Amino acid sequence: MGFKPLHDRVVVSRFAEETKTAGGIIIPDSAQEKPSEGKVVAVGDGVRGDDGSVKPLDVKKGDHVLFGKYGGTEIKVDGEDLMILRESDILGVIEKPTNKKSKK
């Protein structure tokens, strides 16, 4: 990937939207919500403290994360839709992810 986030920024690839409900109803594109789960693609170096030390981020490349619905900035890098978030916008890391596929 030709993009490296700075400081406490994290690049996330959203998982594909659900196109069916649990009951089997197909959801049209106009009614689908953007997923708030994704896979961490790249992370910045960390937060720089007042004393100049760098505290590394808690998330790492490959983590399955949950983030706020309206947070972050959408970008396109090498034809792939990605999100740039601050680490504080990430709500948590999902320990045992389900078999979801990244949106491509």
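Scroll up a little and you will see the structure.
Just so we're clear, the structure is a prediction, and the values are computed from it rather than from any experiment.

Calculation notes
- Residues numbered from 1 in each chain as written.
- Predicted model: local features only at pLDDT ≥ 70, side-chain atom pairs only at ≥ 80, totals over all residues.
- Heavy atoms only, no water.
- Helix = DSSP H or I, 4+ residues; strand = E, 2+ residues; numbered from the N terminus.
- Buried < 20%, exposed > 50% of the residue type's maximum accessible area, 1.4 Å probe, protein only.
- Polar contact = N/O pair within 3.5 Å; in protein donor to acceptor, adjacent residues only side chain to side chain.
- Salt bridge = Lys/Arg side-chain N within 4 Å of Asp/Glu carboxyl O.
- Pairing = 2+ DSSP bridges.
- Axes fitted to C-alpha atoms, helices over the stretch in contact; angles between N-to-C directions.
- Lys, Arg positive; Asp, Glu negative; His and termini not counted.
- Contact = heavy atoms within 4.5 Å.

From N to C terminus, the chain includes zero helices and eight strands. In the chain, the succession of helices and strands from N to C terminus is β-β-β-β-β-β-β-β. Expressed as a percentage of its 104 residues, the buried residues of the chain come to 28%.

It is worth spelling out the side chain of S13 at this point. Positionally, S13 belongs in strand β1 (residues 9-14). Here E80 takes part through its side chain, which lies 3.4 Å from a polar atom of the side chain of S13.

Taken as a whole and assessed by the stated rule, the structure comprises six salt bridges. A salt bridge links D8 to R9; the nearest nitrogen and oxygen atoms lie 3.4 Å apart. Overall, the relative accessible area of 14% leaves D8 in the buried class. Classification of R9 as partly exposed rests on a relative accessible area of 28%. For E74, the salt bridge identified is with R14, shortest N-O distance 3.7 Å. In this pair, E74 sits in strand β6 (residues 73-77) while R14 sits in strand β1, placing the two residues 60 residues apart along the sequence. Through salt bridges that share partners, D8, R9 and R86 make up one connected network.

Across the sheet, which stays open at both edges, the six strands sit in the order β6-β7-β1-β2-β5-β8 with antiparallel pairing between neighbours. Both outer strands of the open sheet, β6 and β8 (90-93), are each paired with one neighbouring strand and no more. Neighbouring strand axes in the sheet, compared pairwise and without regard to direction, differ in orientation by 45° on average. Where strand β5 (residues 64-67) meets β8, three bridges bridge the pair, whose relative direction is antiparallel. What sits directly across from F67, in β8, is I90.

This part takes up the side chain of E87. As for its position among the elements, E87 is in the loop between β7 (80-86) and β8. Look at E87: it is buried, it has no salt bridge, and the nearest opposite charge is K55 at 5.4 Å. From its side chain, E87 meets the backbone nitrogen of D58 in a polar contact 2.6 Å long. Among all residues touching E87, those that are not within four sequence positions of it are D8, V10, L57, D58 and V59.

It is worth spelling out the pairing of β5 at this point. Taken together, the three bridges between strand β2 (residues 37-43) and β5 define a ladder with antiparallel strand orientation. Residue pairing for β5: E37 is matched across the bridge by L66.

Just distances and angles here, no functional claims.
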